Amino acid sequence: INTFFFFFRRLSEESILQNGKRQRLHSHSSETTVVDQAVPLQEKHRYSFPEPVTSPLFYAPPVQDTLFPDPRETTLPVAKDKLSQQVLEWFQVCQQQTCDLNSKELCRAELQREIRKIFPRSRLFLVGSTMNGFGTHSSDGDLCLVLKEEPVNQKTEARYILSLIQKHFATKLCKYIERPQLIRAKVPIVKFRDKVRQVSMEFDLNVNNVVGIRNTFLLRTYACIENRVRPLVIVVKKWASFHEINDASRGTLNSYSLVLMVLHYLQTLPEPILPSLQKNYPESFDPAMHLHLVHRLPCTIPPYISKNGSSLGDLLIGFLKYYATEFDWSRQMISVREAKAIPRPDGIEWRNKFICIE
């Protein structure tokens with residue numbers, strides 16, 4: 001527990017510096033604020049789902065504000081001890097604010113207009129932590145460019161498409177976009193920095209990784225149905241970053257894996273705090289569901305009422321104890337879909353892996 005107090009004290013010191021920077025950037029005397037006010041966020045473009053085009057696959061009405069409640073109005077769990085209070089305080093400092101979301105959405109809308117000069121029927125979606133309820137001030141913006149209903153070969157077709165976009169960004173948008181790079185990963189991306197907002201943001205753009213859109217709103221539903229989930233996940237992400245184990249490019253855990261680890265832990269408690277949504281609501285999470293319906297899911301699933309009254313502090317310590325002493329890494333795989341640990345698969349893609357997450 002003393003280790004956690006030290007961790008939160010260090011983070012609090014950092015947050016004071018960060019908040020000071022943000023206040024200076026958001027002050028009315030700042031020139032960047034004036035620039036941002038000159039291009040106000042249009043109401044019809046709010047929250048990731050732009051105007052419809054003809055194809056039924058790509059039709060998606062704007063997400064209503066009810067899916068994104070003001071964090072100040074969200075009911076938070078009661079802090080029963082000092083560690084729980086620190087978790088809540090740090091969650092409120094770190095969580096993504098409306099201004100962060102609006103800045104990313106404005107960038108998405110502007111980029112979609114540019115990309116449609118090359119691919120007229122394309123759609124650009126914000127995905128990942130920006131939309132799944134587990135975003136922070138420092139979260140990157142993940143973008144998914146959807147071109148067609150059929151899958152895209154990620155090694156050939158996606159790389160070619162992204163090379164065209166990277167060239168367009170580098171030549172036509174160099175005043176607004178900094179260092180666009182094509183990263184030839186398993187799912188290739190164009191990585192770039194938006195340099196005209198009040199706070200410069202990094203983005204990763206992929207092509208037709210539509211499972212990322214579906215998973216975004218699956219995770220958002222988990223975030224919405226129990227009020228202890230978001231604070232716990234965000235503090236675990238910050239704890240992992242603090243200890244430099246939250247960077248997939250360096251061989252450690254990405255944020256998506258950390259979120260799944262927390263959800264799995266909450267599902268496997270003697271008195272679970274979360275169910276398996278995929279099992280309980282199979283029709284709501286059907287992989288064949290049209291994309292224009294996926295964003296409605298968080299509003300259709302009722303809250304989960306758990307008999308487990310554990311505090312956030314108890315859950316944070318329990319999370320670390322579970323993975324340190326109880327989970328069998330050599331034989332088990334984490335499965336949120338099954339809400340339990342399942343036997344570790346023997347396929348070639350799972351060999352020589354220390355941590356297996358479905």
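Just so we're clear, the structure is a prediction, and the values are computed from it rather than from any experiment. (Residues numbered from 1 in each chain as written. Predicted model: local features only at pLDDT ≥ 70, side-chain atom pairs only at ≥ 80, totals over all residues. Heavy atoms only, no water.)

## A closer look at the nonpolar core
- By size, the foremost hydrophobic cluster in this structure holds 80 residues, and its most contacted members are Leu-111, Leu-145, Phe-169, Phe-192, Leu-205 and Leu-266.
- Ignoring anything within four residues of it in the chain, the contact list for Leu-266 reads Val-229, Leu-232, Pro-272, Ile-273, Leu-274 and Leu-315. (Core = buried A, V, L, I, M, F, W, Y, C linked by side-chain atoms within 4.5 Å. Buried < 20%, exposed > 50% of the residue type's maximum accessible area, 1.4 Å probe, protein only. Contact = heavy atoms within 4.5 Å.)

## Some words on the pairing of strand S1 (residues 123-127)
- Counting buried positions along S1 yields five of five residues, so the element is predominantly enclosed.
- The alternating pattern of S1 places Arg-123, Phe-125 and Val-127 on one face and Leu-124 and Leu-126 on the opposite face, and all of these are buried. (Helix = DSSP H or I, 4+ residues; strand = E, 2+ residues; numbered from the N terminus.)

## Focus on the packing of helix H3 (residues 82-94) against helix H7 (residues 229-242)
- Orientation of H3 relative to H7, taken along the N-to-C sense of each, is 80°, at an axis distance of 9 Å. Regarding the angle of H3 to H7, the classification is roughly perpendicular. Residues Val-87, Leu-88, Trp-90, Phe-91 and Cys-94 of H3 lie in contact with H7, whose contacting residues are Arg-230, Pro-231, Ile-234, Val-235 and Lys-238.
- Residue classes in the contact of H3 with H7 are distributed as eight nonpolar, no polar and two charged. (Axes fitted to C-alpha atoms, helices over the stretch in contact; angles between N-to-C directions. Parallel < 35°, antiparallel > 145°, perpendicular 65-115°, else oblique. Nonpolar A, V, L, I, M, F, W, Y, C, P; charged D, E, K, R; others polar.)

## A word on the packing of aromatic side chains
- Enumeration according to the criterion identifies 10 aromatic pairs in this entry.
- Linked through ring pairs, Tyr-265, Phe-319, Tyr-322, Tyr-323, Phe-327 and Trp-329 together constitute an aromatic cluster. (Phe/Tyr/Trp six-rings, centres within 6.5 Å; stacked < 30°, edge-to-face > 60°.)

## Regarding the pattern of salt bridges
- A full pass over the atoms with the stated rule returns 11 salt bridges.
- Where Arg-228 meets Glu-226, a salt bridge forms, and the shortest distance between an N and an O atom there is 2.6 Å.
- For Glu-226, a relative accessible area of 9% translates into the label buried.
- Where salt bridges share partners, they join Lys-279, Arg-337, Glu-338 and Glu-358 into one cluster. (Salt bridge = Lys/Arg side-chain N within 4 Å of Asp/Glu carboxyl O.)

## With respect to H3
- Between its first and last C-alpha atoms H3 spans 18 Å; for 13 residues at 1.5 Å apiece the expected length is 18 Å, and the two agree.
- Inspection of H3 places Leu-83, Ser-84, Gln-86, Val-87, Leu-88, Trp-90, Phe-91 and Cys-94 among the buried residues, and these make up the whole buried set.
- The opening residue of H3 is Asp-81, an N-cap whose side-chain oxygen sits 3.3 Å from the backbone nitrogen of Leu-83. (Expected span 1.5 Å × (residues − 1). Polar contact = N/O pair within 3.5 Å; in protein donor to acceptor, adjacent residues only side chain to side chain.)

## Details of the confidence of the model for the protein
- On average, the protein scores 82 in pLDDT, and the residues at 70 or more come to 78%.
- The low-confidence segment residues 19-73, where pLDDT is below 50, has 111 contacts with residues more than four positions distant or belonging to other chains. (pLDDT = per-residue confidence, 0-100.)

## Examining the pairing of strand S4 (residues 189-194)
- Here strand S3 (residues 177-183) pairs with S4 via five bridges, running antiparallel. Across the sheet, the residue bridging to Gln-181 is Lys-191, located in S4.
- Following S3, the chain reverses through five residues before pairing antiparallel with S4.
- Sheet topology places S4 next to strand S5 (residues 201-207); five bridges connect them, and they run antiparallel. Considered in S5, the bridge of Val-190 is made with Leu-205. (Pairing = 2+ DSSP bridges.)

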